[in-house]
Amino acid sequence: MSFESLGLAPALLRALSEQGYTTPTPIQAEAIPLILAGHDLLGGAQTGTGKTAAFSLPLLNRLSKTTPAKGPRKPRVLVLVPTRELAVQVHENLRGYARHLPVASCMIFGGVGMGPQVDALRRGVDVLVATPGRLLDHMERGSVRLDAIEVLVMDEADRMLDMGFLPAIKRVLAKLPRERQTLLFSATFEAQIKALALEFMRDPRQVQVATQNTIAETIAHRAHPVDSDNKRDLLISILARRHTDQVIVFGRTKHGCNRLAEQLETAGIKAVAIHGNKSQAQRQKALNAFKAAKARVLVATDVAARGLDIPNLPLVINYDLPMVAEDYVHRIGRTGRNGATGEALSLVSHDEGGLLRQIQRVLKKDVEMIAVEGFEPSRPIRLDVAIPNPRSKRGGGGNNNARRAPGHRPHGKPAPRHAHAGPKQRGGPGRRGGASRSAGA
Ligand code: AMP
């Protein structure tokens, strides 16, 4: 199977070969012909499978074949995404594939000024990559019209629903032409997603690809509920109890990982940190120290750990839960390899209940919650809380007052995350995310 045999335009084939793509990934091989044939599509695929190109290439192919209507260009393709990060990523990919095509695109997301987005829309675009809330703002101001949309893509639909975007999505959908192609990508297909598909799609074809990293059956998944302020002491206590094991500990932020490694050292546990602020050489040096058993603990961020040849380990600890459940799969891929037994331990604080729920969904099973004596949380951890804003960094401080303001929420934008939590919520302001307007709304 080659991209040529899929019948893509020469300008796209050229861009692909320049980017070093030789063979379509499974989702691309299956989805591209269906999309080119004009079908609606439900794609079961996660990040890392090549799903962005799977929908981008046929869309760009369509744009390359037809002449846009005269007058200012109105968007013909709309890609809805849950977060600003994904908007940036999808847009970058699209631009890469479209580099030899006269296609104009723009991004629309919250947390930044409207002005530049209004200007870009006024100049005219073919492809719009947008988060639902901000898109509605533009629709209401009249800075964008969606009556020329030919194709709608909903990317990471399950995450959009998790973030409370369903009402906003429905309001956007109501303004789109009925005669259109609709593509929906999601890692999971729960009842809500199926209902969305049933309501807004026409006889969709389905394509499902397996997760890239399958989860070894030999891994035991456990979670320790704990107050966030006690996480460090709990970690030290676990490491003290299991003093023979070499462990990789995952944290969410570069700063947090650095600090944690220092605190472990202070507690007499040899630790090194790898994260994005370190050069490749520094990361390799830290990893070598770990491999040579000069350090017992490797503290890492997801990004820094990617692509590193980390040996098989008996234990992986999630000090912070990952913001996206797929990263959990990557993390625990460091243990339980080749039939060896492994253990994945997650320290779960109150703000992480929603993330644990996502992980359980990907694992398709519950993670056993075991309170550790002396570290029992002050109140139960609830799994039915919204997931935090991916852009809020732990310990980052900053002005969170805006997030806390109850204010009214136009367009069904995500509720402040702690709206679900009990009244006695504790913890410093920097430790709570909150799905704010800037969560791509
Ligand atoms: P995605 O799942 O869309 O986030 O894509 C994951 C990564 O795979 C991105 O960095 C893409 O640039 C890359 N990619 C997608 N399709 C291919 C392909 N056919 N060959 C090589 N790399 C690809």
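Residues numbered from 1 in each chain as written. Predicted model: local features only at pLDDT ≥ 70, side-chain atom pairs only at ≥ 80, totals over all residues. Heavy atoms only, no water.

Q: Which residues make up the site of the ligand, and what values go with them?
A: Lining the immediate environment of the ligand, one finds 13 residues, of which Tyr 21, Gln 28, Gly 48, Gly 50 and Thr 52 sit closest. Within the contact set of the ligand, an oxygen atom lies 2.7 Å away from a backbone nitrogen or oxygen of Gly 50. Protein contacts shield 70% of the accessible area of the ligand, which totals 500 Å² for the unbound molecule. Of the residues contributing to the shell around the ligand, the split by class is 3 nonpolar, 9 polar and 1 charged. (Near = heavy atom within 4 Å. Polar contact = N/O pair within 3.5 Å; in protein donor to acceptor, adjacent residues only side chain to side chain. Areas by Shrake-Rupley, 256 points an atom, 1.4 Å probe, with all protein chains shown as cover. Nonpolar A, V, L, I, M, F, W, Y, C, P; charged D, E, K, R; others polar.)

Q: Talk me through the pairing of strand 3 (residues 105-108); I want residue IDs and the actual numbers.
A: Of the two faces of strand 3, only one is covered, namely that formed by Cys 106 and Ile 108; the face formed by Ser 105 and Met 107 stays uncovered. With 4 bridges connecting them, strand 3 and strand 4 (residues 127-130) associate as parallel partners. Counted as the bridge partner of Cys 106 is Leu 128 from strand 4. Read from strand 3 through helix 5 (residues 115-123) to strand 4, the crossover connection turns out right-handed. (Buried < 20%, exposed > 50% of the residue type's maximum accessible area, 1.4 Å probe, protein only. Helix = DSSP H or I, 4+ residues; strand = E, 2+ residues; numbered from the N terminus. Pairing = 2+ DSSP bridges. Right-handed = clockwise from strand over helix to strand, strands pointing away.)

Q: Please set out the packing of helix 14 (residues 325-332) against helix 15 (residues 353-363) residue by residue, giving values where relevant.
A: Taken N-terminus to C-terminus, the directions of helix 14 and helix 15 make an angle of 65°; their axes are 8 Å apart at the nearest point. Between helix 14 and helix 15, the interaxial angle falls into the category roughly perpendicular. As for how helix 14 packs across helix 15, the hand of that crossing is right-handed. In contact with Ala 325, Tyr 328 and Val 329 of helix 14, helix 15 contributes Gln 358, Ile 359, Val 362 and Leu 363. Class assignment of the residues belonging to the contact of helix 14 with helix 15 gives a composition of 6 nonpolar, 1 polar and no charged. (Axes fitted to C-alpha atoms, helices over the stretch in contact; angles between N-to-C directions. Parallel < 35°, antiparallel > 145°, perpendicular 65-115°, else oblique. Left-handed = near helix turned anticlockwise from the far one by under 90°. Contact = heavy atoms within 4.5 Å.)

Q: Tell me what's going on with helix 10 (residues 231-241), and back it up with residues and numbers.
A: Every buried residue belonging to helix 10 is among Lys 231, Leu 234, Leu 235, Ile 236, Ile 238 and Leu 239, and all of these are buried. Of the surrounding elements, those touching the buried residues of helix 10 are strand 8 (219-225), strand 9 (247-250), helix 11 (254-266), strand 11 (297-300), strand 12 (315-318) and strand 13 (342-348).

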